[in-house]
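Results of the structural survey
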Amino acid sequence: MSAADAASDLQGHRDFLNKYYRWSRPIYDVTRKYYLLGRDTVLKRLAAEDWKGLVEIGPGTGRNLAILRGMRPDASLGAIEACDEMLEAARKRVPDAHIEHGFAEQAEYAALLGDVPVDRVLFSYSLSMIPDREGALDKALEALAPGGEVVVVDFADLSGLPGPVARLLRRWLALFHVEPLDTTPLEARGATVRWGPGRYWLEARLRRDA
């Protein structure tokens, strides 16, 4: 794919996000809590770990960052958000976090947290919406301090659900440009994977060795 085509794809993705979240942003958190499962489990684990700086890719309304701020007031938090509508919401919700517009595949992490190392990069139900998932993972790994981790919580392959339910769910998610994760790119990079019930959701950890 040429650079021009890649740029066009990213702009098209940005346009879709802005159009969709313009009307859904006010009800986003209320509706998502019923099917974006596993997020709070992962946030609790993160809060108990030893890290100083975390960057979230696709923070949306800033919900996860606000929860982490409450549990880890000492931490430096940052984020990269592709949707202009959500960027505004996240900045208002967590004003002390460093949140910038950008795409995961091209994210510039270096200046987000200043002198604080990026110890964790969090993808919470965002990797399944990113056009170039492998590029996003590689960019996140490059940004990590030695010993840091990329943490993913997202839709899994749904293989533990009844076939008709899984097929219906895939069709519904596709309307929102969401595709449940194939873990091959994660496992190829050495990730460990935990599965939620019915393989509806997963938690993946990808560590950068010292």
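Everything below is about the structure printed above this text.
I will try to describe carefully the structure that is included in this document. (Residues numbered from 1 in each chain as written. Predicted model: local features only at pLDDT ≥ 70, side-chain atom pairs only at ≥ 80, totals over all residues. Heavy atoms only, no water.)

1. Brief notes about the pairing of strand E2 (residues 76-81)
- Buried residues dominate E2, accounting for five of its six residues.
- Where strand E1 (residues 53-57) and E2 come together, five bridges link them in parallel fashion. What sits directly across from Glu-56, in E2, is Ala-79.
- Handedness of the crossover joining E1 and E2 through helix H4 (residues 63-71) is recorded here as right-handed.
- Relative to strand E3 (residues 98-101), E2 runs parallel, the two sharing four bridges. Counterpart to Glu-81 in the pairing with E3 is His-101.
- The β-α-β motif built from E2, the intervening helix H5 (residues 84-93) and the parallel element E3 has right-handed crossover chirality. (Buried < 20%, exposed > 50% of the residue type's maximum accessible area, 1.4 Å probe, protein only. Helix = DSSP H or I, 4+ residues; strand = E, 2+ residues; numbered from the N terminus. Pairing = 2+ DSSP bridges. Right-handed = clockwise from strand over helix to strand, strands pointing away.)

2. Quick notes on the side chain of Thr-183
- When you line up the elements, Thr-183 lands in the loop between helix H7 (163-174) and helix H8 (184-188).
- Taking relative accessible area as the criterion, Thr-183 reaches 10% and is therefore assigned buried.
- Beyond its immediate sequence surroundings of up to four residues, Thr-183 is in contact with Trp-195 and Leu-202. (Contact = heavy atoms within 4.5 Å.)

3. Some remarks on the sheet that holds strand E6 (residues 192-195)
- As summarised here, the arrangement of the seven strands in space is E3-E2-E1-E4-E5-E7-E6, forming an open sheet in which the pairing is mixed. The two strands at the open ends of the sheet, each matched to only one other strand, are E3 and E6. Averaged over all adjacent pairs, the angle separating strand axes in this sheet is 15°, with direction ignored.
- Relative to E2, H4 is tilted by about 175°, and along the sheet it contacts E1, E2, E3 and strand E4 (120-124). (Axes fitted to C-alpha atoms, helices over the stretch in contact; angles between N-to-C directions.)

4. Structural notes on the packing of aromatic side chains
- As enumerated under the stated definition, the model contains three aromatic pairs in all.
- A centroid spacing of 4.8 Å and a plane angle of 80° characterise the contact between Tyr-125 and Phe-155, whose relative ring orientation is edge-to-face. On the criterion of sequence distance, the pair formed by Tyr-125 in the loop between E4 and helix H6 (133-143) and Phe-155 in strand E5 (residues 149-155) is long-range, its members being 30 residues apart.
- With centroids separated by 5.2 Å and ring planes inclined at 75°, the aromatic side chains of Trp-172 and Phe-176 adopt a geometry described as edge-to-face.
- Residue classification places Trp-172 among the partly exposed positions, given a relative accessible area of 34%.
- Over the ring of Trp-51 we find Arg-72, and its NZ or CZ is 4.3 Å from the ring centre.
- When the ring centre of Trp-195 is taken as reference, the NZ or CZ atom of Arg-199 above it lies at 3.6 Å. (Phe/Tyr/Trp six-rings, centres within 6.5 Å; stacked < 30°, edge-to-face > 60°. Lys NZ or Arg CZ within 6 Å of the ring centre and 35° of its normal.)

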